[in-house]
Amino acid sequence: MIPRIKNLQPKEDFRLLVEFDDGKCVLYDVNSDMNDIPSYQDLKNIKGLFNSVQVDASRTCVFWTDDIDLPSDIIYEYGESMD
């Protein structure tokens, strides 16, 4: 089952605090994605873009632009647990 996002908060240093419907809460570091995926560089280069992150209607993905998104299952699996 794909984890659904309940709450999302952008944090300093390009990290996301994400709470899921099952109660799991993680801190996901987007820095590694910015190093590996060229389109993610805009998150550093365009002032304010990172903080404009949104959750899609299905609550299974976060996104910034049409080219920059992140599936909830990746966040769930690779985020640092805050529990």
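Since we're looking at a predicted model, the values are computed, not measured.

### A few points about the side chain of Thr60
Summarising the element assignment, Thr60 is placed in the loop between strand S4 (54–55) and strand S5 (61–63). Polar side-chain contacts of Thr60 include one of 2.6 Å to the side chain of Ser58. If we ignore the near neighbours within four places in the chain, the residues touching Thr60 are Ile2, Pro3, Arg4, Pro71 and Ser72.

### Some remarks on the sheet that holds strand S6 (residues 69–71)
On the basis of which strands lie adjacent, the open sheet formed by 3 strands has the order S4-S5-S6 and antiparallel pairing. Of all strands in the sheet, those bounded by a partner on one side alone are S4 and S6. Bridge count for S5 against S6 is 3 bridges, and the pairing is antiparallel. Residue pairing for S6: Phe63 is matched across the bridge by Asp69.

### Points about the pairing of strand S2 (residues 15–20)
Side-chain alternation along S2 places Leu16, Val18 and Phe20 on a buried face and Arg15, Leu17 and Glu19 on a face that remains uncovered. Connecting strand S1 (residues 5–11) to the antiparallel partner S2 that follows it, the hairpin turn spans 3 residues, and Asp13 within it adopts a positive phi of roughly 60°. The pairing of S2 with strand S3 (residues 25–29) spans 5 bridges and is antiparallel. Among the inter-strand pairings, Val18 is bridged to a residue of S3, identified as Val26. Where S2 folds back on S3, the antiparallel hairpin that results is connected by 4 residues, among which Gly23 adopts a positive phi of roughly 95°.

### Examining the pattern of salt bridges
Per the stated rule, a full pass over the model turns up 2 salt bridges. Among the salt bridges present, the one from Glu19 reaches Lys6, with a minimum N-O distance of 3.9 Å. On the criterion of sequence distance, the pair formed by Glu19 in strand S2 and Lys6 in strand S1 is long-range, its members being 13 residues apart. When the shortest N-O distance is used, the salt bridge between Arg59 and Asp21 registers 2.9 Å.

### Concerning the sheet that holds S1
On the basis of which strands lie adjacent, the open sheet formed by 4 strands has the order S1-S2-S3-S7 and antiparallel pairing. Looking at the sheet topology across the chains shown, the edges are occupied by S1 and strand S7 (80–81).

### Observations concerning a negative patch on the surface
A cluster of acidic residues, Asp42, Asp66, Asp67 and Asp69, forms a negative patch at the surface. Along the chain, the position of Asp69 falls in strand S6. With relative accessibility at 37%, the residue Asp69 sits in the partly exposed group.

Cut-offs applied
- Residues numbered from 1 in each chain as written.
- Predicted model: local features only at pLDDT ≥ 70, side-chain atom pairs only at ≥ 80, totals over all residues.
- Heavy atoms only, no water.
- Helix = DSSP H or I, 4+ residues; strand = E, 2+ residues; numbered from the N terminus.
- Polar contact = N/O pair within 3.5 Å; in protein donor to acceptor, adjacent residues only side chain to side chain.
- Contact = heavy atoms within 4.5 Å.
- Pairing = 2+ DSSP bridges.
- Buried < 20%, exposed > 50% of the residue type's maximum accessible area, 1.4 Å probe, protein only.
- Salt bridge = Lys/Arg side-chain N within 4 Å of Asp/Glu carboxyl O.
- Patch = residues over 30% accessible without salt bridge, like charges linked within 9 Å, V, L, I, M, F, W, Y side chains within 5 Å.
- Areas by Shrake-Rupley, 256 points an atom, 1.4 Å probe, with all protein chains shown as cover.
- Lys, Arg positive; Asp, Glu negative; His and termini not counted.
- Charge placed at Lys NZ, Arg CZ, Asp CG, Glu CD.

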